[in-house]
Amino acid sequence: METRIRMEEVEPGSLQAMLAVENYVARTSIDKTLKELIKIRASQVNGCAFCLNMHTKEARELGETEQRIYALNAWRETPYFTPEERAVLALTEAVTLVAESHVPDDVYNEAARYFDEKQMSEIIMQIVVINAWNRLAVTARKMPE
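Residues numbered from 1 in each chain as written. Predicted model: local features only at pLDDT ≥ 70, side-chain atom pairs only at ≥ 80, totals over all residues. Heavy atoms only, no water.

1. Here's the deal with the nonpolar core
At step 1: Within the largest apolar cluster, 33 residues are counted, with the highest numbers of intra-cluster contacts made by C51, L91 and I123.
At step 2: The set of elements that each furnish at least two residues to this core consists of α2 (12-26), α3 (32-46), α4 (49-61), α6 (83-96), α8 (105-114) and α9 (117-140).
At step 3: Ignoring sequence-local partners within four residues, the contact set of I123 consists of I30, I38, V88, L91 and F115. (Core = buried A, V, L, I, M, F, W, Y, C linked by side-chain atoms within 4.5 Å. Buried < 20%, exposed > 50% of the residue type's maximum accessible area, 1.4 Å probe, protein only. Helix = DSSP H or I, 4+ residues; strand = E, 2+ residues; numbered from the N terminus. Contact = heavy atoms within 4.5 Å.)

Pasting the structure below:
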């Protein structure tokens, strides 16, 4: 499979705009490892090989274990994730699949049990941003390095 289009070369302003939003979410108060779990799980759901490659490496650099990374696809069936992480992973899936789920109240409310409104806003933005990156990379068929 080959990359279809290199948008960063054809339309560099679009990449700069996306990077500005990425830089914002990078500075939020959410734990860096939790951010990587969000990025990996959304990328799994979206089938984004480029982002999976990038974010599993970044998670490992932050100290995430191989066991948790490998089990992330089956997080509901494992004991490896905290209740807070489970709530965020469920929210990540619901937002990623928004056309199917419309983010059910129970999923949102479970995450809101553990995080205040500011943190919820930051988590939602992280989910939205990785979904945008996934859509760009999948559409362009951006290949992992």
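2. Some thoughts on the side chain of T56
At step 1: Locating T56 in the fold gives a position in helix α4.
At step 2: What makes T56 buried here is its relative accessible area of 13%.
At step 3: Side-chain polar atoms of T56 contact the backbone oxygen of L52, separated by 2.7 Å.
At step 4: Not counting residues up to four positions away in its chain, the partners in contact with T56 are I40 and I69. (Polar contact = N/O pair within 3.5 Å; in protein donor to acceptor, adjacent residues only side chain to side chain.)

3. Considering the packing of α6 against α9
At step 1: Close contact between α6 and α9 brings their axes to 10 Å; oriented N to C, the two are set at 50°. With respect to α9, the axis of α6 lies oblique. When the axes of α6 and α9 are compared, the crossing they make is right-handed. Every residue of α9 that contacts α6 at V88, L91, T92, V95 and T96 is listed here: M120, I123, I124, I127, V128, N131 and R135.
At step 2: Among the residues forming the contact of α6 with α9, the class breakdown is eight nonpolar, three polar and one charged. (Axes fitted to C-alpha atoms, helices over the stretch in contact; angles between N-to-C directions. Parallel < 35°, antiparallel > 145°, perpendicular 65-115°, else oblique. Left-handed = near helix turned anticlockwise from the far one by under 90°. Nonpolar A, V, L, I, M, F, W, Y, C, P; charged D, E, K, R; others polar.)

4. Side note on the packing of α6 against α8
At step 1: Direction vectors running N to C along α6 and α8 enclose 145°, while the axes themselves pass 9 Å from each other. Note on packing geometry: the crossing formed by α6 with α8 is left-handed. Facing P83, E84, A87, A90, L91 and A94 of α6, the residues of α8 in contact are V107, Y108, E110, A111 and Y114.
At step 2: Classifying every residue of the contact of α6 with α8 gives nine nonpolar, no polar and two charged.

5. Observations concerning the pattern of salt bridges
At step 1: For the structure shown, the criterion picks out 10 salt bridges.
At step 2: We note a salt bridge from K39 to E36, for which the minimum N-O separation is 3.3 Å. Of this pair, K39 and E36 both sit in helix α3, three residues apart, which is roughly one turn of the helix. The residues K39 and E36 share a single accessibility class, namely buried. (Salt bridge = Lys/Arg side-chain N within 4 Å of Asp/Glu carboxyl O.)

6. Details of the packing of aromatic side chains
At step 1: Overall, the coordinates contain zero aromatic pairs when judged by the stated rule.
At step 2: Taking the ring centre of F50 as reference, the NZ or CZ of K142 above it sits at 4.9 Å. (Phe/Tyr/Trp six-rings, centres within 6.5 Å; stacked < 30°, edge-to-face > 60°. Lys NZ or Arg CZ within 6 Å of the ring centre and 35° of its normal.)

7. A closer look at α9
At step 1: With 24 residues, α9 ought to run about 34 Å at 1.5 Å a step, and its terminal C-alpha atoms sit 35 Å apart, in line with that.
At step 2: Residues M120, E122, I123, Q126, I127, V129, I130, N131, W133, N134, A137 and A140 constitute the buried set of α9.
At step 3: Where the residues of α9 are buried, they touch α2, α3, α4, α6 and α8.
At step 4: Among the residues of α9, the N-terminal cap falls to D116, whose side-chain oxygen and the backbone nitrogen of K118 are separated by 3.1 Å.
At step 5: Looking one or two places after α9, you find R141, whose phi comes out positive at around 55°. (Expected span 1.5 Å × (residues − 1).)

Note that every value here comes from positions in space, so none of it alone points to a role or purpose.
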